[in-house]
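Coordinate inspection notes
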Amino acid sequence: MSGKTPENLLESIDARTKLAGSNKMEILLFSLGTGEIFGINVFKVREVSQTPHITKTPNMPVGVEGVISLRGNIIPIISLAKFVSPGAIKSSEQTMIVTEFSRHTQAFLVHDVDRIIRVDWDKVRSPEGVLAGGGQGLITAVTELPDGKLVSILDVEQILASVIGEKVIPDVQVGEVRDDIYMFFCDDSVVARREITGVLDKIGVKYHQANNGKEAWDKLQNLANRVFGDGEMLRDHLKLILVDAEMPEMDGYVLTKNIKGDQRFRGIPVVMHSSLSSNANRAMGSSVGVDAYVAKFDPVVLAETIKPLLIN
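These lines cover the structure that appears in this document, whether it is placed above or below. (Residues numbered from 1 in each chain as written. Predicted model: local features only at pLDDT ≥ 70, side-chain atom pairs only at ≥ 80, totals over all residues. Heavy atoms only, no water.)

Some remarks on the packing of helix 5 (residues 213–224) against helix 6 (residues 252–260)
Closest axis-to-axis distance for the helix 5/helix 6 pair is 9 Å, and the angle between their directions is 15°. In terms of axis orientation, helix 5 runs roughly parallel to helix 6. Crossing handedness for the pair helix 5 and helix 6: right-handed. Between helix 5 and helix 6, the contacting residues are G213, A216, W217 and L220 on the first element and L255, N258 and I259 on the second. Per-class residue counts for the contact of helix 5 with helix 6 are five nonpolar, two polar and no charged. (Axes fitted to C-alpha atoms, helices over the stretch in contact; angles between N-to-C directions. Helix = DSSP H or I, 4+ residues; strand = E, 2+ residues; numbered from the N terminus. Parallel < 35°, antiparallel > 145°, perpendicular 65-115°, else oblique. Left-handed = near helix turned anticlockwise from the far one by under 90°. Contact = heavy atoms within 4.5 Å. Nonpolar A, V, L, I, M, F, W, Y, C, P; charged D, E, K, R; others polar.)

So, in structure tokens, the structure goes:
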């Protein structure tokens, strides 16, 4: 690692430009003292600093070291090493990355931070077949540095869900959903896909799904190429497309631009379902034509957003 100070990194993070529609992402690189390189999307990072005194509290979930007071707010401190490399020799956790996503603020303890890199989403791959061993289930994507070293991008949503628990999916009351309609969703997060399918099953709507933006665009193309009856169009059957923002190979912003630029999808709303819930990210979604924005992980709000679009 480069040894760049947390303060310098903070300046870099504050100076980031919006990348909506460019199919690029920026990743903060860090280590957990195991020799592996990990990354997190810069849009999830609020600040990087030295770890302050941590207050131990009773009955904390596994992996939570305690809490700190950050500018008047009490936030949990989570040891990433305990999730990703639980059997590894304990390393120094002198640095913390304060993150904000899924409408939660928390800090992750890491060994040290390195730098911010910009990568094309089409150079970011799903981890299947690339990684093996402990922690693979918490890796949502993998990319490669110019020197050939791999960067594992952590599924921090899944880590957070394991700490705070997943919300119970409520019973959903809707009008009769026609048998000939369906919706499409794509998300690379296992936790998110589980929540989405749970909501859709409660609603009783059929669906197609994909695990990344490129796969989604290929499947949507196939759906658009179907031949319908006289006077029928794709929008008569495909009522809604739900997209994640961060996905390997093609992000949700580029996917939305592709959908909105193809007349075959005219009249089909695109809803962005993302853990990046800040106003800036909502504005980024609007800039590429997103019709609505739903923050993860709230199945009640997701259901309330979807229902009227399915029975219109």
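Now that the structure has been shown, we can carry on.
Things to note about the packing of helix 4 (residues 190–203) against helix 8 (residues 299–310)
Orientation of helix 4 relative to helix 8, taken along the N-to-C sense of each, is 50°, at an axis distance of 10 Å. Taken together, helix 4 and helix 8 sit at an angle that is classed as oblique. Here helix 4 runs over helix 8; the crossing is right-handed. On the side of helix 4, the interface is formed by E195, I196, V199, L200 and I203, while helix 8 contributes P299, L302, A303, I306, K307 and L310.

Remarks on the nonpolar core
Counting 29 residues, the largest nonpolar core has F184, L220, I241, L255 and F265 as its most contacted members. Those elements that provide at least two residues to this core are strand 11 (182–186), helix 5, strand 13 (238–243), helix 6 and strand 14 (270–274). For this core, the element with the highest residue contribution is helix 5, accounting for five residues. Excluding residues that lie within four positions of it along the chain, L220 makes contacts with F184, L238, I241, L255, I259 and F265. (Core = buried A, V, L, I, M, F, W, Y, C linked by side-chain atoms within 4.5 Å. Buried < 20%, exposed > 50% of the residue type's maximum accessible area, 1.4 Å probe, protein only.)

Here's the deal with the packing of aromatic side chains
Per the counting criterion, the structure on display carries three aromatic pairs. Seen in terms of ring centroids, F30 and F38 are 6.1 Å apart; in terms of plane orientation they differ by 25°. Their pairing is stacked. We note that F30, like F38, is buried. Centroid distance F185 to Y207: 5.7 Å. Interplanar angle 50°. Geometry classified as tilted. Linking F185 in strand 11 with Y207 in strand 12 (residues 206–210), this pair joins segments that are 22 residues apart in sequence. (Phe/Tyr/Trp six-rings, centres within 6.5 Å; stacked < 30°, edge-to-face > 60°.)

Remarks on the sheet that holds strand 8 (residues 112–120)
The five strands lie next to each other as 8-1-2-10-9, forming an open sheet whose pairing is mixed. Looking at which strands have only one partner, the edges of the open sheet turn out to be strand 8 and strand 9 (139–144). Within the sheet, the average angular offset between the axes of one strand and its neighbour, ignoring direction, is 35°. (Pairing = 2+ DSSP bridges.)

Observations regarding the sheet that holds strand 7 (residues 104–110)
A sheet is described by the order of its strands in space; here five strands give the open sequence 3-6-7-5-4, paired in mixed fashion. Whereas interior strands pair on both sides, the edge strands pair on one side only; in this sheet they are strand 3 (45–50) and strand 4 (64–70). Between one strand axis and the next, the sheet turns by 30° as a mean value, whatever way the strands run.

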